[in-house]
Amino acid sequence: MSLLARRHWVFDMDGTLTVAVHDFDAIRAELGLPAGRLILEALAERPEEERRALLTRLDAIELDLARTAQAQPGASRLLAALRERGARLGILTRNSRENALLTLEASGLGAFFAPDHVLGRAEAEPRPSPAGVLRLVV
């Protein structure tokens, strides 16, 4: 099957559709997490009360970054071409859904995605789990 004939397209945002701005080492340091560890996995190991507080802080950090998001060059043109072909577009991100939606709006890409086709860390297990992709394409 031709790549352009595919009916479902699931994208990440940061560094894919939008210009990457997250400094993960700085975020880990601010949250007091070990260097080199994936943030969500390191948070999952923390006691419940501490995890909730750190997730709230992570959301605030990501919210600040989302407000200034910029689309990658050509992202809008790609999404428009896929939509014209009748493709269903989705987002699967390790960000919160709220921050993902704000990132899409700030970058000018929000109109390409139905809100229920934007899945964040609370709506689907983070990659590499296939659950989010399956939810979007079935």
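In the block above lies the structure referred to throughout.
Residues numbered from 1 in each chain as written. Predicted model: local features only at pLDDT ≥ 70, side-chain atom pairs only at ≥ 80, totals over all residues. Heavy atoms only, no water.

> Where do I start with the nonpolar core in this structure?
Across soluble globular proteins, nonpolar side chains show a tendency to be buried alongside one another. In terms of nonpolar packing, the biggest core is built from 16 residues, with Phe 11, Leu 17, Leu 79, Leu 89, Ile 91 and Phe 113 touching the most fellow members. The set of elements that each furnish at least two residues to this core consists of strand 1 (8-11), helix 4 (75-84), strand 2 (88-92) and helix 5 (97-106). Ile 91 has contacts with Phe 11, Asp 12, Met 13, Leu 17, Leu 104, Phe 113, His 117, Val 118, Leu 119 and Leu 136, leaving out every residue within four places of it along the chain. If you look at the next biggest cluster of nonpolar residues, it comprises 10 residues, including Leu 33, Ala 42, Leu 54 and Ile 61. (Core = buried A, V, L, I, M, F, W, Y, C linked by side-chain atoms within 4.5 Å. Buried < 20%, exposed > 50% of the residue type's maximum accessible area, 1.4 Å probe, protein only. Helix = DSSP H or I, 4+ residues; strand = E, 2+ residues; numbered from the N terminus. Contact = heavy atoms within 4.5 Å.)

> Quick question: what am I supposed to make of the pattern of salt bridges here?
Where charged atoms from two side chains of opposite charge approach closely, those side chains can pair. Here the structure, examined in full by the defined rule, presents 10 salt bridges. Note that Arg 52 and Glu 48 form a salt bridge whose closest N and O atoms lie 3.2 Å from each other. In this pair, Arg 52 and Glu 48 both sit in helix 3 (residues 48-66), 4 residues apart, roughly one turn of the helix. Glu 48 gets classed as partly exposed once you look at its relative accessible area, which sits at 43%. What emerges from the salt-bridge pattern is a single network uniting Glu 48, Arg 51 and Arg 52. (Salt bridge = Lys/Arg side-chain N within 4 Å of Asp/Glu carboxyl O.)

> Teacher, can you tell me more about the packing of aromatic side chains here?
Given two aromatic rings, one states the distance between the centres and the angle between the planes to describe the pair. Counted according to the given criterion, the structure contains 1 aromatic pair. With centroids separated by 6.2 Å and ring planes inclined at 15°, the aromatic side chains of Trp 9 and Phe 11 adopt a geometry described as stacked. For Phe 11, a relative accessible area of 9% puts it in the buried group. (Phe/Tyr/Trp six-rings, centres within 6.5 Å; stacked < 30°, edge-to-face > 60°.)

> Which parts of the structure should I look at to understand the environment of Thr 93?
For Thr 93, the position within the fold is in the loop between strand 2 and helix 5. Each C-alpha atom, one on Thr 93 and one on Ala 122, is 9.9 Å from the other, the two residues being 29 residues apart in sequence. In terms of polar contacts, Thr 93 uses its side chain to reach the backbone amide nitrogen of Asn 95, at 3.1 Å. (Polar contact = N/O pair within 3.5 Å; in protein donor to acceptor, adjacent residues only side chain to side chain.)

This is a description of form; function is not addressed.
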